[in-house]
Amino acid sequence: EDQTLSWSGDASLLRESQDELSFRARGTIAGDYQVACTLGEGLADETPSELSVIPGPPAYSETTVTPSVVQATDSATVGCIVYDAYGNARVDVAATFWAQSLDGTPPLERGLWFDETTVSAAVADDYWIFCRVAGQIAGDESPAKLSVLPGGAYSWSVTLPDLDCYAQDISLPIEVMA
């Protein structure tokens, strides 16, 4: 009969070391787990211990932009989620975001503005939006892209020639600024 000491627990728990009477469990997925020792096939601990695994330090973040395509001066909502190295969300860690044009032009020159949760741009272009955690190396290595399309005209003028009579099919000088 097999008299090997073993243990039972969630498959996400890793058994790191073992001597004759002990095991070391390491968890990577946050949550509460039951761990029990077993001897052979018939003897099992009826009072398993509870092991709590908490998320580790911030390792990376993910950025979302909704909608990802807007017209000039319309705003989009930005979401930042911070994770540990094993993909556990760190809801207790605050993240901020930064917006940058793809060519590196300073934000104010592109009419970019943002607050805690929204971003907007006055100049039609594509922009990178990425989250960051203050005091941490954790950041977004694959930022979200916001595409800003030209908006409606904001200024237009017509200069008519000073004539007593206008001929049919005459072209008028019209300027539209978008």
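These numbers come from a predicted model, not from an experiment.

Read from one edge of the open sheet, 4 strands run 7-9-12-11, paired in antiparallel fashion. In this open sheet, the two strands that pair with only one neighbour each are strand 7 (60–66) and strand 11 (113–114). Inspection of the sheet shows strand 9 (residues 75–83) paired to strand 12 (residues 118–120) by 3 bridges, in the antiparallel sense. Bridging across to strand 12, Thr77 finds its partner in Thr118.

Attention shifts here to the pattern of salt bridges. Considering all chains together, one arrives at 3 salt bridges under this definition. Of the charged contacts, one joins Arg90 and Asp92 as a salt bridge, the two residues approaching to 2.8 Å between their closest N and O atoms. For Arg90, a relative accessible area of 15% gives the class buried. The class of Asp92 is exposed, set by a relative accessible area of 59%. The residue Arg110 makes a salt bridge to Asp125 at a minimum N-O spacing of 2.1 Å. Of this pair, Arg110 sits in the loop between strand 10 (96–101) and strand 11 while Asp125 is found in strand 13 (residues 125–132), placing the two residues 15 residues apart along the sequence. Overall, Arg110 belongs to the buried group, its relative accessible area being 16%.

Let's shift gears to the side chain of Arg90. Checked against the element boundaries, Arg90 lands in the loop between strand 9 and strand 10. Separated by 2.8 Å, the side chains of Arg90 and Asp92 make a polar contact.

All chains considered together, the criterion is met by 1 disulfide. Paired by a disulfide, Cys80 and Cys131 hold their sulfur atoms 1.9 Å apart. Classification of the bridge connecting Cys80 and Cys131 rests on its S-S torsion, roughly -85 degrees, and on that basis the disulfide is left-handed. With Cys80 in strand 9 and Cys131 in strand 13, the pair connects residues that are 51 residues apart, well separated along the chain. Since its relative accessible area comes to 1%, Cys131 is described here as buried.

Time to look at the packing of aromatic side chains. All told, the structure shown has 3 aromatic pairs when counted by the stated rule. Between Tyr60 and Tyr83, the ring centres sit 5.2 Å apart and the planes meet at 20 degrees, which makes this aromatic pair stacked. Residue Tyr60 is located in strand 7, and its partner Tyr83 is located in strand 9; the two are separated by 23 residues in the primary sequence. Ring geometry for Trp98 and Phe114: centres 5.4 Å apart, planes at 80 degrees, overall edge-to-face. One end of the pair, Trp98, is in strand 10; the other, Phe114, is in strand 11, and 16 residues separate them in sequence. The class for Trp98 is partly exposed, based on a relative accessible area of 27%. A connected cluster of aromatic rings, assembled from ring pairs, spans Phe97, Trp98 and Phe114.

About the criteria used
- Residues numbered from 1 in each chain as written.
- Predicted model: local features only at pLDDT ≥ 70, side-chain atom pairs only at ≥ 80, totals over all residues.
- Heavy atoms only, no water.
- Pairing = 2+ DSSP bridges.
- Helix = DSSP H or I, 4+ residues; strand = E, 2+ residues; numbered from the N terminus.
- Salt bridge = Lys/Arg side-chain N within 4 Å of Asp/Glu carboxyl O.
- Buried < 20%, exposed > 50% of the residue type's maximum accessible area, 1.4 Å probe, protein only.
- Polar contact = N/O pair within 3.5 Å; in protein donor to acceptor, adjacent residues only side chain to side chain.
- Disulfide = S-S within 2.5 Å.
- Phe/Tyr/Trp six-rings, centres within 6.5 Å; stacked < 30°, edge-to-face > 60°.

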